Amino acid sequence: QVQLVESGGGLVQTGGSLSVSCAASGVFFSTYTMGWFRQAPGKGREFVGAISRSGGTSYVASVKGRFTISRDNAKNTVLLQMNSLKPEDSAVYYCAADPGMDNAYVGTREHEYIYWGQGTQVTVSS
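A quick note: this is a predicted structure, and the numbers were derived from the prediction, not measured.

A. Region of the structure containing the overall build of the protein chain. Looking only at helices and strands, the protein chain features zero helices and 11 strands. Overall, the protein chain shows an N-to-C arrangement of helices and strands of β-β-β-β-β-β-β-β-β-β-β. Taking 14 Å as the expected radius of gyration for a compact globule of 126 residues, we find that the protein chain reaches 13 Å, a close match to that expectation. Along the first, second and third principal axes, the C-alpha set of the protein chain runs to 40 × 30 × 25 Å. Entry remark: accessible area of the protein chain is about 6100 Å², with carbon and sulfur atoms responsible for 49%. Each charge sign in the protein chain was given a centre, from 10 positive and 9 negative side chains, and these centres are 4 Å apart.

So this is what it looks like as structure tokens:
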């Protein structure tokens, strides 16, 4: 049974940093593309960034240069490091995983991911 569990969310002031991690179980982790999405109140879920099986990354324009995604295949975890946080980054952050993408491909759309975590809240105060 595949399970994704996010942790590390919380409250931070504008300009601060926070990291959220996702622990995967029941998967051959290195063969999965891992993505991060977020959903703010009253809005749809949006792509934040993702890391391919080969380690390549892609980010939405609004977080480029501020957010970094990394993976540790030995620990079955993916990390989202968020710096220079803004109030508009406040949302529930979701980890997603999919085994079907090509090695260097980074999916940016929800429907490309088959497994999802329960989400973790990130709140940035102004």
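Continuing now.
B. Inspection of unusual backbone geometry at higher detail. Phi is positive for N76, which is not a glycine, with a value near 55 degrees. Mapped onto the secondary structure, N76 falls in the loop between β7 (67-72) and β8 (77-82). With a relative accessible area of 22%, N76 lands in the partly exposed category. For S84, which is not glycine, the phi torsion reads 50 degrees and is therefore positive. Position of S84 among the secondary structure elements: in the loop between β8 and β9 (91-98). Look at S84 and you get partly exposed, because its relative accessible area is 41%.

C. Summary view of the packing of aromatic side chains. All chains considered together, the criterion is met by five aromatic pairs. Judged by centre distance (5.6 Å) and plane angle (75 degrees), the rings of F37 and F47 are edge-to-face. Taken together, the residues F37 in strand β4 (residues 33-39) and F47 in strand β5 (residues 46-51) connect sequence positions 10 residues apart. Side by side, F37 and F47 carry an identical accessibility label, which is buried.

D. Molecular detail of the nonpolar core. The biggest cluster of nonpolar side chains holds 28 residues, and the ones touching the most others in it are M34, W36, F67, V78, L80, M82 and Y93. Among the elements of the structure, β3 (18-25), β4, β5, β7, β8, β9 and β11 (120-125) are those that each provide at least two residues to this core. Residues in contact with F67, not counting those within four places in the same chain, are R38, V48, Y59, L80, Q81, M82, N83, L85, D89 and Y93. With seven residues, the next largest nonpolar core counts F37, M101, V106 and Y113 among its residues.

Each value, and the rule that gives it
Residues numbered from 1 in each chain as written. Predicted model: local features only at pLDDT ≥ 70, side-chain atom pairs only at ≥ 80, totals over all residues. Heavy atoms only, no water. Helix = DSSP H or I, 4+ residues; strand = E, 2+ residues; numbered from the N terminus. Rg over C-alpha atoms; globule rule 2.2 N^0.38 Å. Areas by Shrake-Rupley, 256 points an atom, 1.4 Å probe, with all protein chains shown as cover. Lys, Arg positive; Asp, Glu negative; His and termini not counted. Charge placed at Lys NZ, Arg CZ, Asp CG, Glu CD. Buried < 20%, exposed > 50% of the residue type's maximum accessible area, 1.4 Å probe, protein only. Phe/Tyr/Trp six-rings, centres within 6.5 Å; stacked < 30°, edge-to-face > 60°. Core = buried A, V, L, I, M, F, W, Y, C linked by side-chain atoms within 4.5 Å. Contact = heavy atoms within 4.5 Å.

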